[in-house]
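Residues per chain, in single letters:
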Amino acid sequence: MRGRTRIAHLPEHAGQEVTLGGWVTHRRSKGKIAFLVVRDGTGICQLVASVKDVDEETFARMEKVTQESAVLVRGTVREDRRAPGGYEVLVRELEIVGPAEEYPISPKEHGIEFLLDHRHLWLRHRRPWAILRIRHEIVQACRDFFYDNEFVLIDSPILTPAACEGTSTLFETDYFGEKAYLSQSGQLYLEPAAMAFDRVYCFGPTFRAEKSKTRRHLTEFWMIEPEIAWAGLDEVMELAERLVSYVVERVLERRRTELEILERDVSKLESVAPPFPRLSYDEAAEILLRPENVARAKEAGAPPFEPGNDLGAMDETILGELHDRPVMIHRYPTKVKAFYMEPDPENPDRALCVDVIAPEGYGEIIGGSERIHDPELLRRRIEEHNLPEEAFRWYMDVRKFGGVPHGGFGMGIERVVAWICGTRHIRETIPYPRTINRIYP
RNA sequence: UCCGGAGUAGCUCAGCUGGUAGAGCAGGUGGCUGUUAACCACCGGGUCGGGGGUUCGAGUCCCUCCUCCGGAGCCA
C-alpha cells in the first residue's frame, strides 16, 4: 500500500503523521484510554487513543478489535519511554481491514505440538520471527561468502536416479514408471561441476528418510555444499573454518536485536574465529577413553565409546565442550565413512575427512572430505559397498577424464541456525519443519 | 526400531488410598484516563485419547491399541 510507514522506520518520523498497517497482538483498554499493540513484520508499535481525542466509533473499535485483526492506522508518532520500543502512535483514525476470529495462540504458554500444528500462525510471533530472520542472515552470509571467494553456484537436481550413500534412507517416488529418489546430497553432481568451474557450491533442500527422533534431525533440511578442484583435506578444513567464522560474525554484526529476543549468550559466539582446533580421530579417541569422560558418558546413560566406531552424540558433546569454538575432527576410520572418501596415504585405515562439531552440545554441523580421484580405487569402493556400478558411470567419468584431487563439505543450515540462535530443537529453525511424524502444515 | 514420560475445557495444567470435574489464560458482559503477558467483578465452556475389563461405583485400578513428547542409534 502506498504511503505506508513500516514500524522499523518509525523513529525517523517522530512528530509526523503516518499510516501504519499491522496486526493486533495485544489490547489493553482502561476506561477512557485504550492501548493497542500492533506488529507489522518489521517491529512492534503501541497505539494509544484517548476518548477525548478520537470520535466515538474509532474509540469503540480500539476497544473491540480482536487479537490478530489487520488494522490500518493514521496517527502521530511520538517518542515515549513508556512505550515498548520507545515510540508510540497517537491514533486519529483506525480501520479494521481484516477482522480476526478467535485466535488460537494466546499470550500464555503453549505446548510444542500445539504450536507446530499452528506453525502458519506461530510464524507471526516474536521467537520464530527472530530465529527465521537469523536464518535469513545466515543463508545470505553463505551466499556472499561464496560469491566473494569466486565460487560458482551450481544447483543440483532434487529428483535423482540413485543413492549417494546407500538407499535405506531415501524417499522414493515414481518418475514416469521408473523409481526416482529425492536427493540426499548434491555432492555427486558438484564434483563434475568443480572440474568445469574450479570452485562451485550448491544450496538446496535435501531429504532423508531416517527414522531419527532427536532434536538434531529433520527429514527435509537445507544443505550448503562447496566443492573445490585441486583441494586436499587441509584446504577443505580451512574453507570450513573461514565460512563458519564469517557466518557467525555476520549474525553478530547485523542481527543483535534478534539474538537479544532469543536471550542468546553472545559471548559464546564472539570467540568463534580461525583457527579452529583440529583433532585427529585417534586423538579424539584418546580423550574419550580417559576415565573421567568414560564416567561422564556412563552417568548420562550414553553408550560407551568404542575405538574404531563413529562418534556418538555424547562423544561429540564431550569433545565440543573442551573448546570455546567449533572443533574439527579429521581422519575417521575409513570403514565408518562414505565410499568416496580418499584414504590417508600415511594410514589407509583412516579417511581424509573432517567433521566440524559445534560447541555447547549442538553436534555436527559440517561433514566433508577429500574425494577419491583414482578411478580404480573408486570402482573397488563402489563394489565393496554393493552400490550399482551402472548408476555411478557418469560419476566415474570425473576420474576417467582428467581426475584430480578435489574435496568439499556439506553444512546443514538448520543445525547452524540452531547453534547460533541457541535453540534447543532444530524444528524451530526452519519455517515448516518436516519430521518423522509431521508433514503439516 | 529400542528405552523413558504424557494424553482431563480452545490453551497450559491440578485432580491424594476409587465416591460422579477444577484453576489460570483465552472467549463473552460490565467497570476503570498511561497500560506493559494490565487489573477488578460476573458468565458460558468437558464423550477425562479409543476400546475392553474389575467394581454397587472408574479421570483414578488392570489389559490393549493409538497419538504425542524426551532420549538412543543413524546422520548434516
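Residues numbered from 1 in each chain as written. Chains lettered and ligands numbered in written order. Predicted model: local features only at pLDDT ≥ 70, side-chain atom pairs only at ≥ 80, totals over all residues. Heavy atoms only, no water.

### Brief notes about the domain arrangement of chain A
And step 1. Here chain A is described as being made up of domain 1 (7-98) and domain 2 (119-277 + 323-429).
And step 2. For domain 1 versus domain 2, the separation of C-alpha centres amounts to 45 Å. (Domains from an automatic or database assignment.)

### What about the sheet that holds strand β1 (residues 17-30)?
Hydrogen bonds along the backbone pair up the strands of a sheet, which may run parallel or antiparallel.
And step 1. Ordered in space as β1-β2-β3-β5-β4, the five strands form a closed barrel in which the pairing is mixed. Taken over all neighbouring pairs, the strand axes of this sheet differ in orientation by 55° on average, direction set aside.
And step 2. As paired strands, β1 and strand β2 (residues 33-39) are joined by seven bridges and run antiparallel to one another. Counterpart to Ser 29 in the pairing with β2 is Ala 34. (Pairing = 2+ DSSP bridges. Helix = DSSP H or I, 4+ residues; strand = E, 2+ residues; numbered from the N terminus. Axes fitted to C-alpha atoms, helices over the stretch in contact; angles between N-to-C directions.)

### Concerning the environment of Gln 16
And step 1. Position of Gln 16 among the secondary structure elements: in the segment before β1.
And step 2. For the pair Gln 16 and Trp 122, spaced 106 residues apart in sequence, the C-alpha separation works out to 33 Å.
And step 3. Non-local contacts of Gln 16, meaning those with residues more than four positions away in its chain, are made with Gly 75, Thr 76 and Val 77. (Contact = heavy atoms within 4.5 Å.)

### Overview of the packing of helix α10 (residues 291-299) against helix α11 (residues 313-320)
And step 1. Running from N to C, α10 and α11 point in directions that differ by 130°, and their axes come no closer than 10 Å. With respect to each other, α10 and α11 are oriented oblique. In terms of crossing hand, the pair formed by α10 and α11 is right-handed. Here Asn 293, Arg 296 and Ala 297 of α10 come into contact with α11, specifically with Met 314, Thr 317 and Ile 318.
And step 2. Its residues placed into classes, the contact of α10 with α11 shows three nonpolar, two polar and one charged. (Parallel < 35°, antiparallel > 145°, perpendicular 65-115°, else oblique. Left-handed = near helix turned anticlockwise from the far one by under 90°. Nonpolar A, V, L, I, M, F, W, Y, C, P; charged D, E, K, R; others polar.)

### Regarding the packing of helix α4 (residues 126-148) against helix α6 (residues 233-254)
And step 1. The contact between α4 and α6 brings their axes to 9 Å, and the two run at 135°. For the element pair α4 / α6, the angle class is oblique. Where α4 crosses over α6, the two elements pack in a sense that is right-handed. On α6, the residues touching Ile 134, Glu 137, Ile 138, Gln 140, Ala 141, Cys 142, Asp 144, Phe 145 and Phe 146 of α4 are Leu 239, Arg 242, Leu 243, Tyr 246, Val 247, Arg 250, Val 251 and Arg 254.
And step 2. Class assignment for the residues of the contact of α4 with α6 results in eleven nonpolar, one polar and five charged.

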